[in-house]
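# Observations on chain architecture
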Amino acid sequence: MKVYDRLDRQYEKYAEEYKQAALRVLDSGWYILGHELEEFEKEFADYIGYPYCVGLNSGLDALILAVKALGIGAGDEVIVPANTYIATVLGITANGAVPVFCEPDEFYNIDASRIESLITKRTRAIMVVHLYGQAANMSAIREIADRHNLYLIEDCAQSHSAKFDGRTSGTWGDVGCFSFYPTKNLGAFGDSGAVLVKDEKLAEKFRALRNYGSRVKYHNDYCGVNSRLDEMQAALLRVKLSHLDELIAERITLKDKYLSGITNPAIILPKVREKSGHVWHLFVIRSERRNELHDYLEAHEIHTQIHYPIPPHMQKCYEYLGHHKRNFPIAERFADEVLSLPFYNGMTEDEINYVIEVINAF
Ligand SMILES: *Cc1c(COP(=O)(O)O)cnc(C)c1O
């Protein structure tokens, strides 16, 4: 049996609704900045529980524009987890600001207890990532941001609807940045993203920034970009959003099967922080024999992924920051040990049982 992350199953489940939404857009004769986007922005803002949503072209654009909209640039420092996807860090460096890396905790998120020692007089913001679908330790981080008068930006690309202490990720800070890349829990059928904000003026600024910096046609207040969430993706996202709670509930059932089924002592299973409402974007295990385990699973036609094999501070593009191996030993160790198991909506009982059986025999 071949088992791998597949997107066709979650499409098939609601195929008729997606087709109707797509046809509605094609027939409408209006494809950019229209009714579907307006409705999606309202529905997503309501769903998360924050006043304003501004739809963009991608999660990376959300991060880049968040840093830009807050006026953070050259000479400024932003504290960011050392254990994250490169896009988080690109959001900072695209604006000429400097990423200051912070080691992760045992839940793979930024270690709140290490943040304060990294703050300097140039620090302007903390950028947290709610990795794998689990919110970071937000009460502690919110308090640090308040105490030092820092902006708080949240990378929610993997955490739609994840909560900490009952409060949804994306509503703790100044800007919540979302991706709707197809594999995300709320995934579109192409690229798209959004920001969530509580401040109306800031929302207006994002609306201008995504549209060449223009509020009124041909009058440009900012040097903006072209980053709009198109009508087709907005219409398809409205369908997916209406089913997101069911999709997350299914993921929770699947992770329970993995957690109770995998008993091999060579495997470290994911842990959930107290007060955390995890939405299980990925199911990530660890093993000291990760590469061997990966090859063994491949040989059994089980396709796994590594999120992520090289931490940002070790990437060639960030050589100029002057970091070295062993500067962030915890993040580096995670990069050597993590493995994401097949985990997707529509995964069958037979498929998950097969993965569990093969892992237990490793
Ligand atoms: C996917 C992802 C992004 C980037 O989103 P795109 O829409 O692909 O640009 C940023 N940060 C994290 C943590 C992600 O997982």
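What this report covers is the structure whose coordinates are included nearby.

Reading the values: rules and limits
Residues numbered from 1 in each chain as written. Predicted model: local features only at pLDDT ≥ 70, side-chain atom pairs only at ≥ 80, totals over all residues. Heavy atoms only, no water. Helix = DSSP H or I, 4+ residues; strand = E, 2+ residues; numbered from the N terminus. Rg over C-alpha atoms; globule rule 2.2 N^0.38 Å. Buried < 20%, exposed > 50% of the residue type's maximum accessible area, 1.4 Å probe, protein only. Contact = heavy atoms within 4.5 Å. Areas by Shrake-Rupley, 256 points an atom, 1.4 Å probe, with all protein chains shown as cover. Lys, Arg positive; Asp, Glu negative; His and termini not counted. Charge placed at Lys NZ, Arg CZ, Asp CG, Glu CD. Near = heavy atom within 4 Å. Polar contact = N/O pair within 3.5 Å; in protein donor to acceptor, adjacent residues only side chain to side chain. Nonpolar A, V, L, I, M, F, W, Y, C, P; charged D, E, K, R; others polar. Core = buried A, V, L, I, M, F, W, Y, C linked by side-chain atoms within 4.5 Å. Pairing = 2+ DSSP bridges. Axes fitted to C-alpha atoms, helices over the stretch in contact; angles between N-to-C directions. Salt bridge = Lys/Arg side-chain N within 4 Å of Asp/Glu carboxyl O.

What follows is about the overall build of the chain. Broken down by element type, the chain carries twelve helices and 14 strands. By the compact-globule yardstick of 21 Å for 362 residues, the chain fits well, its C-alpha radius of gyration being 20 Å. Here the C-alpha coordinates of the chain stretch approximately 65 × 55 × 35 Å along the principal axes. Considering the chain as a whole, with its 362 residues, one finds that 56% of them fall into the buried category. When contacts within the chain are restricted to residue pairs at least 6 apart in sequence, those whose partners lie at least 24 apart make up 70%. Accessible surface, the chain as shown: approximately 15500 Å² in total, 51% of it carbon and sulfur. When the 40 basic and 51 acidic side-chain charges of the chain are each reduced to a single mean position, those positions are 4 Å apart.

Close contacts around the ligand come from 15 residues, with Gly59, Asp155, Gln158, Ser179 and Lys184 the closest. Taking glycine 59, its main chain carries an N or O atom lying 2.7 Å from an oxygen atom of the ligand. Lysine 184 has a polar side-chain atom sitting 2.7 Å from an oxygen atom of the ligand. For the ligand, whose accessible area on its own is 380 Å², the fraction buried by protein is 91%. Sorting the residues of the shell around the ligand by element identifies helix H4 (59–69) and helix H5 (86–93) as the ones contributing at least two each. Top element by residues in the shell around the ligand is H4. It accounts for three residues. Residue composition of the shell around the ligand, by class: eight nonpolar, five polar and two charged.

What follows covers the nonpolar core. One finds Met127, Ile153, Val175, Cys177, Val195 and Phe206 to be the most contacted residues of the largest nonpolar core, which totals 32 residues. Secondary-structure elements contributing two or more residues to this core are strand E1 (52–56), H4, strand E2 (77–81), H5, strand E4 (123–129), strand E8 (175–179), strand E9 (193–197) and helix H7 (200–209). Aside from chain neighbours lying at most four places away, what touches valine 175 is Ala66, Leu70, Leu152, Ile153, Glu154, Val195, Leu196, Val197, Leu202 and Phe206. Leu293, Met347, Ile356 and Ile359 belong to the second-largest nonpolar core, a separate cluster that totals 24 residues.

Let us now look at the sheet that holds E2. Spatially, E1-E9-E8-E5-E4-E2-E3 is the arrangement adopted by the seven strands of the open sheet, whose pairing is mixed. Each end of this open sheet is capped by a strand with a single partner; those strands are E1 and strand E3 (98–102). The mean inter-strand angle of the sheet, taken between neighbouring strand axes irrespective of direction, is 25 degrees. In terms of strand pairing, E2 meets E4 through three bridges, oriented parallel. Looking across to E4, one finds that glutamate 77 is bridged to threonine 123. Contacts from H4 reach E1, E4, strand E5 (151–155), E8 and E9 within the one sheet, and its direction differs from that of E8 by about 160 degrees.

So, on to the sheet that holds strand E7 (residues 167–168). Strand order in this open sheet of three strands is E7-E6-E12, and the pairing throughout is antiparallel. The open sheet has two edge strands, E7 and strand E12 (276–277), and neither has a second partner. In this structure, strand E6 (residues 163–164) lies alongside E7, joined through two bridges in antiparallel fashion. Across the sheet, phenylalanine 164 pairs through a bridge with arginine 167, a residue of E7.

In this section: the pattern of salt bridges. Inspection of every chain in the model, using the stated rule, returns 24 salt bridges. The residue arginine 24 makes a salt bridge to glutamate 36 at a minimum N-O spacing of 2.8 Å. Taken as a pair, arginine 24 in helix H2 (residues 15–28) and glutamate 36 in helix H3 (residues 35–48) lie far apart in primary sequence, twelve residues in all. Arginine 24 gets classed as partly exposed once you look at its relative accessible area, which sits at 40%. The shortest N-O distance in the salt bridge between glutamate 204 and arginine 207 comes to 2.9 Å. Taken as a pair, glutamate 204 and arginine 207 lie in helix H7 at a separation of three residues, close to a single helical turn.

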